[in-house]
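Listed below, chain by chain, are the residues.
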Amino acid sequence: MFKMIGLNKKSAERLVQTIITVILFALVFYMMFLVESIQGTARVVNYAGLVRGATQRMVKLEISGNNADAIIATLDGYIDGIKNGSEKLQLVRIEDEDFQDKMMLLSAEWRHLKAEVQYARVMGYKNTNLVVLSERYFRMCDDMVGTAEMYTQKLAQTIKMVEVAINIMILLLLAIIIRQYINSAGIMRRNKELNAQVFVDKHTQMPNKNRCEQLIKDAEPIAKPTGMFMFDLNNLKFINDSLGHEEGDKLIANFSKLIRESIDAQYFVGRYGGDEFIAIIPQTSIDELTKIAVNVREAAAKYNDANAYLPISYAVGYALSTELEQPLMKNLLAEADKRMYINKQETKKLTAALEEDHSHHLNQMMNALEHGYNACYYCDYQNQTYRVMKNDGRLRLPAEGSYNDFLTAFLNYVGEEESFLADLRKMLSLEYVNKHISSECSSYDIKFLDAANTYWLAHVMLVDIDRLGRLSHFILTFTDITHTRNMEYAATHDALTDLLNRYAGFMYIEQTLAQKDADSYALMIIDIDNFKAINDTFGHSMGDTVIKELANAMRNFFSKEAILIRYGGDEFLILAKVAQDEQALHSFMQRLVASMSEDVAKRYPEVLLTISAGVAPVQHGLALQTLFNRADDALYHAKRKGKNTYNIYQAEEKS
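Participant: Just give me the short version of the overall build of the chain, but keep the residues and values in it.
Facilitator: When its secondary structure is counted, the chain shows 19 helices and 16 strands. Its C-alpha atoms give the chain a radius of gyration of 38 Å, more than 25% over the compact-globule value 26 Å for 655 residues. In the chain, which comprises 655 residues, the share counted as buried stands at 45%. Restricting to contacts in the chain with at least 6 residues of sequence separation, those with at least 24 account for 66%. Here the chain displays about 35200 Å² of accessible surface, and carbon together with sulfur accounts for 53% of that area. For the chain, the centre of its 71 positive side-chain charges and the centre of its 84 negative side-chain charges are spaced 3 Å apart.

So, in structure tokens, the structure goes:
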């Protein structure tokens, strides 16, 4: 396809890489937009609760004969802000068709309710439908809140899909980069094979010492201005002694390539011996020689940015034949060599700067992957050491030291239970790292929660391997992802009780119903008896407290496997494993009804709380909606029995 539009393979790869990068940036900005939308929706849900509470206060005032025009005016602003957005209230407009439809119906019902208030002021509330209309209005408020929560859930699911897409784009970019590197290595190898010839150094594929000496032995005076360079590696002995001669040979080859590529191909560049190289530049000037020296220096700096593991440090001297009393090639070489040794002493002062360049390169490597982090450690696998690159202060460690000491200090900071710490220690051990990262799989992630309830993402990433394919260095980063986890939690849980909200709860119920042992479960609907009387007697703050206490009582009563949901208002939905024996199920429900009242009475004896419950045992293949309808029907019969009881669904009792 790319040939048809006139692109070669290399240009096509660049085009694809650019497109993927643009898509990646677009996805990141889209995720930021979705997070802001979830935050705005949460505020709308809060105001929806305020609308319901304020409306209840308004109705009570009007029933007691007190004028509530101030509350009505406030509610007008709230309802309009929830529907259309409001800068004053800092509310966003929810662009969801279902929500807007519900808000349109709610607005119409609000106008109807306000008209009934005016009528009640004239005729007396007992002669109007004010109470009936307000109850219907409250149910519509609950329905509208549920719709907003469903919209929030949709946004959360979209965020997860965008996160997956971002990871895919990053993997594609890495794949393209690796492919480009492999292609470049192949081209270099083929070029070396083609350039092999007499007087060529086998290791560097450059003119060897014999060829260099042929030129230098020329006894004829130099007729035209000619320059000569002498290059000498500074750190070859250190590399040979510490890393081995294979790494030293690699350094020589890299340096020879760097010099050759920095000097115009028409000029002679050869390996003079060991770690020394010369370059001969005919018909030149001192300014031109200086420019070449700068080119080599810049190329070395660029190389060191990309090869922090094996940096190049060298000394250089250069001379021009017109500076000599006897302009012979051997004298020109001697002068360049003399100046090189002067520069060698100066170069030693730059060694510390190379270490700083190394850290800079590693930071660039992380930034190129667009991976934000709070702490970063550069780890040497073969020497079992680490070095701090970034630390936000929470994990106080020396700037460098033993990797095992680092791991021990880190696990002490996490402070989780022993079984979890053992797993975390295993996944961050050098043995595990060596086994799970390589040139084929360059990274892996670990998510965990520390003792301070901070969610972390640990990212282990390969930096380089040695010539034998063994792990050499890797980077370990820690990123605080608490905010993202909290946003996901808020989208699936009820703010008052910390139970699952109805939409997240329904998802978990659907998953459970699909399991093979679904028949061992039962769906229960629990409703607080006379909850309105509690609100009217003790106030809505106590009503909220009672709901929270009941939620805690259910947590204590049911097993951890049970799915606990605040369905809305004073209603709860539970899917739990129950005994298959009918008598045992009756005994279980009797204990449930009694336990809920007793648990709340222990802390709030002044509140007489009872519950009614409807139970529908799960049957294989039964749809969730049908199961819910059965539990709801059972609840209806429990209420008819006089409340403070339960009822198990029976087909013959269906209302």
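Here the narrative resumes, following the displayed structure.
Participant: I'd love a proper account of helix α11 (residues 403-414), names of residues and values included.
Facilitator: Over its 12 residues, α11 extends 16 Å from the first C-alpha to the last, a length consistent with the 16 Å expected when each residue adds 1.5 Å. Taken residue by residue, α11 has Tyr 403, Phe 406, Leu 407, Phe 410, Leu 411 and Val 414 as its buried positions. Down the axis of α11, the smallest arc covering the buried residues is 130°, so these residues share one side. Across α11 from its buried face, at more than 90 degrees, point the exposed residues Asp 405 and Asn 412. Phi turns positive one or two residues past the end of α11, at Gly 415, with a value near 65°.

Participant: Give me the lowdown on the nonpolar core, citing residues and values where you can.
Facilitator: Counting 49 residues, the largest nonpolar core has Val 51, Met 58, Ile 82, Phe 99, Trp 110 and Tyr 137 as its most contacted members. Elements represented by at least two residues in this core include exactly α1 (9-63), α2 (69-84), α3 (97-123) and α4 (130-194). In terms of residue count, α4 provides more of this core than any other element does, 17 residues in total. Non-local contacts of Ile 82, meaning those with residues more than four positions away in its chain, are made with Val 44, Tyr 47, Ala 48, Val 51, Leu 91, Phe 99, Met 103 and Met 144. Within the second largest apolar cluster, 36 residues are counted, among which are Leu 499, Ile 526, Phe 588 and Val 607.

Participant: An account of unusual backbone geometry is needed here, citing residue identities and associated values.
Facilitator: With the exception of glycine, most residues fall at negative phi, and the peptide bonds are largely trans. Phi is positive for Asn 530, which is not a glycine, with a value near 55°. Judged by relative accessible area, which is 46%, Asn 530 ranks as partly exposed. Phi at Lys 643 takes a positive value of approximately 70°, unusual for a residue other than glycine. Of note, Lys 643 is situated in the loop between α19 (624-640) and β16 (646-648).

Participant: Got a sec to walk through empty space enclosed by the protein? Specific residues and values, please.
Facilitator: Taken as a whole and assessed by the stated rule, the structure comprises 1 cavity of 30 Å³ or more. There is about 90 Å³ of room inside the largest cavity. Taken together, Asn 374, Ala 375, Tyr 377, Asn 391, Asp 392, Arg 394, Leu 395, Phe 410, Tyr 413, Phe 448, Trp 456 and Phe 478 form the lining of the largest cavity. Sorting the residues of the lining of the largest cavity by element identifies β5 (375-380) and α11 as the ones contributing at least two each. Here the residues of the lining of the largest cavity are counted per class, giving 8 nonpolar, 2 polar and 2 charged.

Participant: Would you mind going over the environment of His 436 in detail, with residue names and values included?
Facilitator: Tracing the chain through its elements places His 436 in helix α13 (residues 430-436). When its relative accessible area of 31% is taken as the criterion, His 436 is described as partly exposed. Separated by 26 residues in the primary sequence, His 436 and Leu 462 have C-alpha atoms spaced 9.9 Å apart. Not counting chain neighbours up to four residues away, the residues in contact with His 436 comprise Cys 441 and Tyr 444. Of the polar contacts made by the side chain of His 436, one reaches the backbone oxygen of Tyr 432; its length is 2.9 Å.

Participant: Hey, could you go over the packing of aromatic side chains for me, with residue numbers and the actual values?
Facilitator: Taken as a whole and assessed by the stated rule, the structure comprises 25 aromatic pairs. An angle of 70° between the planes, with centres 6.3 Å apart, marks the rings of Tyr 377 and Tyr 386 as edge-to-face. By relative accessible area, which is 5% here, Tyr 386 ends up buried. Residues Phe 410 and Phe 478 carry aromatic rings whose centres are separated by 4.6 Å and whose planes lie at 25° to one another, so their mutual orientation is stacked. Taken as a pair, Phe 410 in helix α11 and Phe 478 in strand β10 (residues 471-480) lie far apart in primary sequence, 68 residues in all. In terms of burial, Phe 410 and Phe 478 fall into one category: buried. Among the aromatic residues, ring-to-ring pairing joins Tyr 377, Tyr 386, Tyr 403, Phe 406, Phe 410, Phe 448, Phe 474 and Phe 478 into one connected group. The ring of Tyr 272 carries the charged tip of Lys 209 above its face, separated from the ring centre by 5.3 Å. When the ring centre of Tyr 567 is taken as origin, the NZ or CZ atom of Arg 502, which lies over that ring, is 4.3 Å away.

Participant: So, the packing of helix α15 (residues 502-513) against α19: which residues are in play, and what are the values?
Facilitator: The N-to-C vectors of α15 and α19 enclose an angle of 105°; their axes lie 11 Å apart at closest approach. Relative to α19, the element α15 lies roughly perpendicular. Contacts between α15 and α19 involve Phe 506, Ile 509, Glu 510 and Leu 513 from the first element and Leu 624, Leu 627 and Phe 628 from the second. Of the residues belonging to the contact of α15 with α19, the class tally is 6 nonpolar, no polar and 1 charged.

Participant: Go over the environment of Thr 41 with me, naming the residues and quoting the values.
Facilitator: Mapping Thr 41 onto the fold places it in helix α1. A residue is classified by how much of its surface remains accessible, and Thr 41, at 1% relative accessible area, is buried. The spatial distance from the C-alpha of Thr 41 to the C-alpha of Thr 226 is 76 Å, given a sequence separation of 185 residues. Residues within four places of Thr 41 in sequence aside, it is in contact with Val 92, Ile 94, Ala 148, Tyr 151, Thr 152 and Leu 155.

Participant: Mind laying out the pairing of strand β15 (residues 611-617), listing which residues take part and the relevant values?
Facilitator: Taken across its 7 residues, β15 has 6 buried, putting it largely inside the fold. Sheet topology note: the strand β12 (residues 521-528)/β15 ladder contains 7 bridges and is antiparallel. Following the sheet pairing, Ala 522 is matched in β15 by Pro 617. With 3 bridges connecting them, β15 and β16 associate as parallel partners. In the sheet register, Ala 613 faces β16, and the bridge partner there is Tyr 646. The parallel pair β15 and β16, bridged by α19, forms a crossover whose chirality is left-handed.

Criteria and thresholds
Residues numbered from 1 in each chain as written. Predicted model: local features only at pLDDT ≥ 70, side-chain atom pairs only at ≥ 80, totals over all residues. Heavy atoms only, no water. Helix = DSSP H or I, 4+ residues; strand = E, 2+ residues; numbered from the N terminus. Rg over C-alpha atoms; globule rule 2.2 N^0.38 Å. Buried < 20%, exposed > 50% of the residue type's maximum accessible area, 1.4 Å probe, protein only. Contact = heavy atoms within 4.5 Å. Areas by Shrake-Rupley, 256 points an atom, 1.4 Å probe, with all protein chains shown as cover. Lys, Arg positive; Asp, Glu negative; His and termini not counted. Charge placed at Lys NZ, Arg CZ, Asp CG, Glu CD. Expected span 1.5 Å × (residues − 1). Arc of directions from axis to C-beta. Core = buried A, V, L, I, M, F, W, Y, C linked by side-chain atoms within 4.5 Å. 1 Å grid on protein atoms, 1.4 Å probe; cavity = no way out; pocket = protein on both sides within 12 Å on 5 of 7 lines; lining within 4 Å. Points joined across faces, edges and corners; volume = space filled by probe spheres on them. Nonpolar A, V, L, I, M, F, W, Y, C, P; charged D, E, K, R; others polar. Polar contact = N/O pair within 3.5 Å; in protein donor to acceptor, adjacent residues only side chain to side chain. Phe/Tyr/Trp six-rings, centres within 6.5 Å; stacked < 30°, edge-to-face > 60°. Lys NZ or Arg CZ within 6 Å of the ring centre and 35° of its normal. Axes fitted to C-alpha atoms, helices over the stretch in contact; angles between N-to-C directions. Parallel < 35°, antiparallel > 145°, perpendicular 65-115°, else oblique. Pairing = 2+ DSSP bridges. Right-handed = clockwise from strand over helix to strand, strands pointing away.

Read these as geometric descriptors, not functional statements.
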